[in-house]
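Descriptive analysis of the structure
Okay, here's what each chain looks like letter by letter:
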2 protein chains.
Amino acid sequence: MTERSAGASRSHAQAPDGADGLGGLGEFELIDRLVGDGQGAGGDVLVGPGDDGAVVRLDGPEVVVSTDALVEGVHFRCDWSAATDIGRKAIAVNVSDIEAMGARPVGVVVALSVPAHTELRWLDDFATGVRAECAAAGVALVGGDTTSAPQVVVTVTAFGDLAGRAAVLRSGARPGDQVAVRGLLGWSAAGLQTLRRGFASPRAAVAAHRVPQVPYGEGAIAARAGATAMIDVSDGLLADLDHVARASAVTFDLRSSAFAVADPVRAVAAATGTDPLRLVLAGGEDYALAATFPPGDLPNGWQAVGSVTVPGPDGPTVLVDSATWDGSTGFDHFGSH
Amino acid sequence: MTERSAGASRSHAQAPDGADGLGGLGEFELIDRLVGDGQGAGGDVLVGPGDDGAVVRLDGPEVVVSTDALVEGVHFRCDWSAATDIGRKAIAVNVSDIEAMGARPVGVVVALSVPAHTELRWLDDFATGVRAECAAAGVALVGGDTTSAPQVVVTVTAFGDLAGRAAVLRSGARPGDQVAVRGLLGWSAAGLQTLRRGFASPRAAVAAHRVPQVPYGEGAIAARAGATAMIDVSDGLLADLDHVARASAVTFDLRSSAFAVADPVRAVAAATGTDPLRLVLAGGEDYALAATFPPGDLPNGWQAVGSVTVPGPDGPTVLVDSATWDGSTGFDHFGSH
């Protein structure tokens, strides 16, 4: 009793005339293909896909929730990213938000809109990617929704629990804390530059652009180690730390020498005449974690990269080697910079 | 560092050249416009919008989660539904799923994709509708995401708690139970027929099509009253009860005389030469609740409409006056009927 899709323009994700598209499948079959029957979801899932909602038992009564949409042509291009990678990325970027709260990621629900003529193969590959990343993240895929749309839109909502801990907010950084990062920085931006130039190598950078390497489990580790503030690096380290600086009313002073620039990032920077530090500091989409800790030992694998200070007269900001960074700081979907 | 939108075709939701579109707003300002600062969200919300995730305290460690996407041109038309109504509907249809689990709806997150040239007025009206329906449903808007896309896509994820009760599943109906409904049936379908004919009256039916009248709070009431199975009526009563029949391995026998056909439904049926019972039984999008209860008293306002029996040789099904219904049973986004 609702309006049907007005039809979609042809794209790479669509089947040629006569090929096996989605039109012959009902909505429920599509959901089954996407989310499966919830088997392997783990003991926390009391009710999996197939009812009006899923029921998951958390470790405590506090639930952490985050949602993000990925849109074809905005967040990914189907000619640069395979369906498997798009499915993996959609899960990764959302679970990353739960990590950044210091929580344990528990489950996800996935709403997928696709053109009516999308090949079934594309959908199955997408579902394979979703399930693979859920397994990597240790979360259950507990529900979903499928509908038609002129282009692919994937909206994932992830949730997690805190096991009685307080969430690690953006507002908790204090002067005297140290700044530390965990995960890759600059790799996704290097991969994007590589693809834009029409190359496929360095493969490690391209792979990092296609599927972020989220340091799963490190959010809760940081929380247990006393992290005072945390964020995941989606827009770029400087841009994201700026959110933390403002929320905490502090200034960050990063040490450029503290960043180990990885070989693939260095190679792309050299080939494109880019400052490698710019890729590290301003390159988005790596989904590393950045956190502040009181002075003392950091958890294994976390790298100290700067310190937290009282803001100067111009207010909270992020400095690099005690000076204002003069490059681009990050990405904004609607901005014009 | 991501791909920008390739640009969107002009639509009714877009601003004329030179008008105030979204292009001048950053993603964060857009999110603020959409979700606000979480004030008025209630005491259960420990962390509202503005961090990587929201934190909500539930009444017990079990969380109920459901997600649904609404796509422009598929689920709504901007020339038939005002932005306010689209916002309200997006919340209503998702919270309805939480009701149908017998849970208390607690919160929602909203992911909104809109064309870059959408008028700010449209966004503000959408946000007004979202907040109004959240207030009606008694849920907190705890987070969101905004991004550009060629057309409007709204994905809402709703969650709730069970206060120690078991969820009411589709699989729990037993022979001997009675079938009951709570809420409007046929009104949305009548409203859609009205709009298709180019009329605006009966207004009550048109309003019910634009914004479903979810019987908020009745899901938990039914659960406490011992409901054995429950579903919300999105595709049409017969279609949705068929899901329950299959999940429970039972047959439903509905009594056509038990349905009180409301005046607006009767009026539209008469004007279009439609059997009013068809609107009631097969009209979707009303988001009434249908549940099964053991014999005995029903909660206030629930209407007994049939009984649960052992399936015949052809297996679980839904009968009307002990016979197979020969009209259309409901709507499927990808189906061809």
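Predicted model, so just to flag it, every value in this text is computed and none were measured.

For chain A, the count of helices and strands is nine helices and 13 strands. The 337 residues of chain A split such that 59% are buried. Considering only contacts in chain A between residues 6 or more positions apart, those separated by 24 or more positions represent 86%.

All names here are of chain A. All of the buried residues in helix H8 (residues 263–272) are Pro-264, Val-265, Val-268 and Ala-269. For H8, the arc enclosing every buried residue in end-on projection is 135°, short of the 170-degree limit, so these residues lie on one face. In H8, the exposed positions that point more than 90 degrees away from the buried face belong to Asp-263 and Ala-270. Considering only its buried residues, H8 is in contact with helix H4 (187–196), helix H5 (203–210) and helix H9 (276–282). Within two residues after H8, Gly-273 carries a phi angle of roughly 65°, on the positive side.

Spatial strand order, S1(A)-S2(A)-S3(B)-S6(B)-S4(B)-S5(B): six strands in an open sheet with mixed pairing. Each edge of the sheet is formed by a strand with only one pairing partner; in this case those strands are strand S1 (45–47) of chain A together with strand S5 (140–148) of chain B. Put simply, the sheet's adjacent strands are angled 25° from each other on average, direction ignored. The pairing of strand S4 (residues 104–114) of chain B with S5(B) spans eight bridges and is classified as parallel. Bridge pairing links B:Val109 to B:Gly143 in S5(B). Strand contacts of helix H2 (residues 83–100) of chain B: strand S3 (62–71), S4 and strand S6 (153–161) of chain B, with the helix running at about 35° to S6(B), the strand carrying the most contacts.

All right, on to the packing of H4(A) against H8(A) then. Residues and elements named next belong to chain A. Viewed as axis vectors pointing N to C, H4 and H8 meet at an angle of 40°, and their least axial separation amounts to 9 Å. Judged on the interaxial angle alone, H8 and H4 are oblique. As for the relative orientation of H4 and H8, their crossing is left-handed in sense. On H8, the residues that touch Trp-187, Ala-190, Gln-193 and Thr-194 of H4 are Pro-264, Val-265, Val-268 and Thr-272. Of the residues assigned to the contact of H4 with H8, the class counts are five nonpolar, three polar and no charged.

Read across the sheet, six strands follow the order S5(A)-S4(A)-S6(A)-S3(A)-S2(B)-S1(B) without closing on themselves; strand pairing throughout is mixed. At either margin of the open sheet sits one strand with a lone partner, and together these are strand S5 (140–148) of chain A together with strand S1 (45–47) of chain B. Across the sheet, the axes of successive neighbouring strands diverge by a mean angle of 25°, strand direction being ignored. Examined bridge by bridge, strand S4 (residues 104–114) of chain A and strand S6 (residues 153–161) of chain A share nine bridges and lie antiparallel to one another. Looking at the pairing, A:Leu112 lines up with A:Val154 of S6(A).

Our next topic: the environment of A:Val71. Counting through the fold element by element, A:Val71 comes out in strand S3 (residues 62–71). Taking the C-alpha atoms as reference points, A:Val71 and A:Pro311, 240 residues apart in sequence, are found 37 Å from one another.

Moving on, we come to H4(A). Within H4(A), eight of the 10 residues are buried, which leaves the element mostly enclosed by the surrounding structure. Of the surrounding secondary structure, the elements contacted by the buried residues of H4(A) are H5, H8 and H9 of chain A.

Omega for the bond connecting A:Ser201 with A:Pro202 falls within 30 degrees of zero, at 10°, which places this linkage in the cis form. With respect to the helices and strands, A:Pro202 occurs in the loop between H4 and H5. Positive phi outside glycine occurs at B:Ser322, with the angle close to 65°. By the secondary structure assignment, B:Ser322 is in the loop between strand S12 (318–320) and strand S13 (323–324). Given 11 C-beta atoms within 10 Å, B:Ser322 falls into the exposed group.

Among the nonpolar cores identified, the biggest contains 221 residues, and A:Val110 and B:Val110 are the most heavily contacted of them. With residues up to four places along the chain from it excluded, the contact list for B:Val110 reads B:Leu34, B:Val35, B:Val130, B:Leu141, B:Gly144, B:Val154 and B:Val156.

Attention now moves to the pairing of S5(A). Burial of S5(A) is extensive: nine of the nine residues sit out of reach of the surface. Handedness of the crossover joining S4(A) and S5(A) through helix H3 (residues 120–137) of chain A: right-handed.

It is worth spelling out the domain arrangement of chain A at this point. Residues and elements named next belong to chain A. Here chain A is described as being made up of domain 1 (22–161) and domain 2 (170–324). When each unit is reduced to the centre of its C-alpha atoms, the spacing between domain 1 and domain 2 is 27 Å. Taken together, the contact pairs 19 residues of domain 1 with 18 residues of domain 2. Every element with two or more residues in the side of domain 1 that touches domain 2 is listed here: helix H2 (83–100) and H3. Element by element, the count of residues in the side of domain 1 that touches domain 2 is highest for H2, at 10 residues. Of the residues assigned to the side of domain 1 that touches domain 2, the class counts are nine nonpolar, four polar and six charged.

Attention now goes to the environment of A:Val109. Tracing the backbone through its elements, the reader meets A:Val109 in strand S4. Residue classification places A:Val109 among the buried residues on the basis of 28 C-beta atoms within 10 Å. In sequence terms A:Val109 and A:Ala247 are 138 residues apart; their C-alpha atoms lie 29 Å from each other. Sequence-distant contacts of A:Val109, that is, excluding residues within four places in its chain, are made with A:Ala54, A:Val142, A:Gly143, A:Gly144, A:Thr157, B:Val65, B:Thr67 and B:Thr157.

Here the focus is the confidence of the model for chain A. Residue and element names in this part refer to chain A. A residue-level look at chain A finds 86% of positions with pLDDT of 70 or above and a mean pLDDT of 87. Here residues 1–19 is a poorly scored stretch, pLDDT under 50, and it has 46 contacts once near neighbours within four places are set aside; other chains count. Contacts of residues 331–337 to residues separated by more than four positions or lying in other chains number 21 contacts, the stretch itself having pLDDT below 50. In the model output, the complex is listed with pTM 0.88 alongside ipTM 0.86.

Residues and elements named next belong to chain B. For Ala-245, the location among the structural elements is in helix H7 (residues 237–248). Expressed as a C-alpha distance, the spacing of Ala-245 and Thr-272, which sit 27 residues apart in the sequence, is 31 Å. Not counting the four nearest positions on each side in its chain, Ala-245 is found in contact with Val-250, Thr-251, Phe-252, Pro-316, Thr-317 and Val-318.

About the thresholds
- Residues numbered from 1 in each chain as written.
- Chains lettered and ligands numbered in written order.
- Predicted model: local features only at pLDDT ≥ 70, side-chain atom pairs only at ≥ 80, totals over all residues.
- Helix = DSSP H or I, 4+ residues; strand = E, 2+ residues; numbered from the N terminus.
- Buried ≥ 20, exposed ≤ 12 C-beta atoms within 10 Å, placed from the backbone.
- Contact = placed C-beta atoms within 7 Å.
- Arc of directions from axis to C-beta.
- Pairing = 2+ DSSP bridges.
- Axes fitted to C-alpha atoms, helices over the stretch in contact; angles between N-to-C directions.
- Parallel < 35°, antiparallel > 145°, perpendicular 65-115°, else oblique.
- Left-handed = near helix turned anticlockwise from the far one by under 90°.
- Nonpolar A, V, L, I, M, F, W, Y, C, P; charged D, E, K, R; others polar.
- Core = buried A, V, L, I, M, F, W, Y, C linked by C-beta atoms within 7 Å.
- Right-handed = clockwise from strand over helix to strand, strands pointing away.
- Domains from an automatic or database assignment.
- pLDDT = per-residue confidence, 0-100.

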